[in-house]
Amino acid sequence: MKPAPQTELKELAKLCGVQIGYYSMDCKTKVASPEVLKNVLRCLGVGADSPGMIREALNAEKRAHWARCLEPVAVSWDGKRSRLSLRIPADLEKKAARCEISLEDGSILKIPFKLSGLRINRGSTIAGRTYHLKEINLPAMPYGYHQLRFCVGHCESRMLLISAPTQSYAEPGHRRHWGLFLPLYAAHSERSWGAGNFGDWRRFSDWVSPQGGTIMGTLPLLAASLNKPSCDPSPYSPVSRLFWNEFYIDITAVPELECCLRARKLMEANTFAKRLHTFRAEPLLDYDRQAELRRKVLLLLADCFFSTRSERRKSFEDFLQKRPEVKRYASFRAACDKFQKGWRSWPPRERDGKLRAGDS
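Definitions and limits used
Every chain is numbered independently, its residues counted from 1 as its sequence is written. Only residues with pLDDT of 70 or above have their local features reported here, since the model is predicted, and side-chain atom pairs are shown and tallied only from 80 upward, although totals for entire chains, interfaces and linings are computed over all residues. Note that the side-chain values use all heavy atoms of the structure and ignore hydrogens as well as water. In this description, strands pair whenever DSSP reports at least two bridges between them. Under the scheme used here, helices are H or I runs from DSSP no shorter than 4 residues and strands are E runs no shorter than 2 residues, and both carry numbers assigned from the N terminus. Fitted lines through C-alpha atoms serve as axes, helices being fitted only where they are in contact, and the angles separating the N-to-C directions of these axes extend from 0 to 180 degrees. In this text, buried Ala, Val, Leu, Ile, Met, Phe, Trp, Tyr and Cys residues form a nonpolar core when linked through side-chain atoms within 4.5 Å. Relative accessibility thresholds used throughout: buried, under 20% of the residue-type maximum; exposed, over 50%; partly exposed, between the two (1.4 Å probe, protein chains only). The contact definition used throughout considers only heavy atoms, calling two residues in contact when any of these lie within 4.5 Å. Using protein atoms alone on a 1 Å grid, points that fit a 1.4 Å probe yet trap it form a cavity, whereas open point sets bounded by protein on both sides within 12 Å along at least five of seven lines form a pocket; residues with an atom within 4 Å of a point count as lining. Grid points are joined across faces, edges and corners, and a volume is the space filled by probe spheres set on the points. Residues are grouped as follows: Ala, Val, Leu, Ile, Met, Phe, Trp, Tyr, Cys and Pro are nonpolar; Asp, Glu, Lys and Arg are charged; all remaining types, including Gly, are polar. When a carboxyl oxygen of Asp or Glu is within 4 Å of a side-chain nitrogen of Lys or Arg, the pair counts as a salt bridge.

J.: What should I look at first to understand the sheet that holds strand β3 (residues 73-77) in this one?
T.: One key point about sheets: their strands pair by backbone hydrogen bonds, in either a parallel or an antiparallel sense. An order of β3-β10-β9-β5-β6 is seen for the five strands of this open sheet, with the pairing classed as mixed. At either margin of the open sheet sits one strand with a lone partner, and together these are β3 and β6 (108-110). Put simply, the sheet's adjacent strands are angled 25 degrees from each other on average, direction ignored. Sheet topology note: the strand β9 (residues 144-152)/strand β10 (residues 155-164) ladder contains nine bridges and is antiparallel. In the sheet register, His 146 faces β10, and the bridge partner there is Leu 161.

Written out as structure tokens, the structure reads:
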């Protein structure tokens, strides 16, 4: 009985190094759809649009996998002995085989073994040729990047063999360093608008440094969707990995604030001050409400920025010329505001990234 096309598609994806699913934060297994797997494989140059194409590509990947005696790279840890897997054609097992390691210092390690005497761990027959998976023992090696060479019959294979420690190296007596880690939203001060911002982070860093701290760590600061109904503040689920999260801008440090009367008037209003007081007093961070308030001010500052000519405006336009992806990202975010739902629920054309002028 032939495997189902979806089973073959998943097997093909795995052989091509594609992860077919993951375990989500809500403790559920998420499996990639056949459509997604086909698109990913297509990007890798593997055709999988029909059962016939899948089967042909799968057979080709299996042949390539078993015909590759060694993987390109292997790692040996902490200078200990390790084992190396070999994929050997069965018709070559009785031939003389050689394995040697050229160490980084120029010396050579020869590995004695008899190929026919090694236990067969697994086997497979591909296109009429049988292959066996075997293992050889490697000696302990000094740390470094070494080259392994394996020969059997007229076949020769090479791989990079890395001998590495499981803990980073430090000079004996080297002074230990220390630092702090905390989410940026938690690095707030009395002047923050609730959550911390880049200005707070700079001031916090300036305080840590004189205390002897040399490291400051935080969560990813990538762009996120922070307005309902698709609000997802997780730093590990960004809407883009190419841009920063505007939520953390220190608005009080934006240069346009000096000349933007509408923004200053909004910030001086009693209702605005009351909302900031509420945000600062709340035990939990409400991204949606805080982002909404910050965005009102940012939109006014943006109007001032784009309505006047300045050196800062010229620098921004030069930046756009070098980074056209910024305009595409802006169109995407504008479409998010229009549709008010996650991009997976958009109409087919927009969902495929084909945005037009009227889509935002």
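J.: I would appreciate a short explanation of the nonpolar core in the present structure.
T.: Soluble globular proteins tend to bury their nonpolar side chains together. With 22 residues, the main nonpolar core has Leu 70, Leu 84, Leu 86, Ile 101, Leu 138, Leu 148 and Phe 150 as its most contacted residues. The set of elements that each furnish at least two residues to this core consists of β4 (82-89), β5 (97-102), β8 (129-138), β9 and β10. If we ignore the near neighbours within four places in the chain, the residues touching Leu 138 are Arg 81, Ser 82, Leu 84, Ile 101, Ile 111, Leu 148 and Leu 161. Ranked by size, the runner-up nonpolar core spans 14 residues in total, among them Ile 251, Val 254, Leu 257 and Leu 300.

J.: Can you help me understand empty space enclosed by the protein in this one?
T.: By rolling a water-sized probe across the atoms, one finds the places where empty space is left. If you walk through the whole model with that rule in mind, you get two cavities of 30 Å³ or more. Quantified by volume, the largest cavity comes out at close to 70 Å³. The volume enclosed by the second largest cavity comes to roughly 60 Å³. Considering the residues around the second largest cavity, the lining is formed by Ala 224, Ser 225, Asn 227, Ser 230, Val 239, Arg 333, Cys 336 and Asp 337. Across the lining of the second largest cavity, the residue classes tally to three nonpolar, three polar and two charged.

J.: Would you explain the pattern of salt bridges in this entry?
T.: Oppositely charged side chains may form a pair once their charged atoms are brought near each other. This model, assessed by the stated rule, comprises 24 salt bridges. Among the salt bridges present, the one from Arg 149 reaches Glu 156, with a minimum N-O distance of 3.4 Å. Between Glu 350 and Arg 349 there is a salt bridge, with its nearest N and O atoms 2.9 Å apart. Classification of Glu 350 as buried rests on a relative accessible area of 8%.

J.: Can you help me understand the layout of surface pockets in this one?
T.: Considered as a void within the structure, the largest pocket measures approximately 1800 Å³ in volume. Lining the largest pocket are 42 residues, with Glu 246, Ile 249, Leu 298, Ala 302 and Phe 316 sitting closest to its centre. Of all the secondary-structure elements, those providing two or more residues to the lining of the largest pocket are β14 (240-244), α7 (287-307), α8 (311-322) and α9 (325-339). By residue number, the principal contributor to the lining of the largest pocket is α7, which donates 13 residues. Considered class by class, the residues forming the lining of the largest pocket number 24 nonpolar, three polar and 15 charged. Approximately 890 Å³ is the volume found for the second largest pocket. Along its surface, the second largest pocket is lined by 27 residues, and Pro 238, Val 239, Ser 240, Phe 332 and Trp 343 are the ones closest to its centre. Those elements that place two or more of their residues in the lining of the second largest pocket are β14, α9 and α10 (348-351).

No statement about biological role is implied by the geometric values presented.
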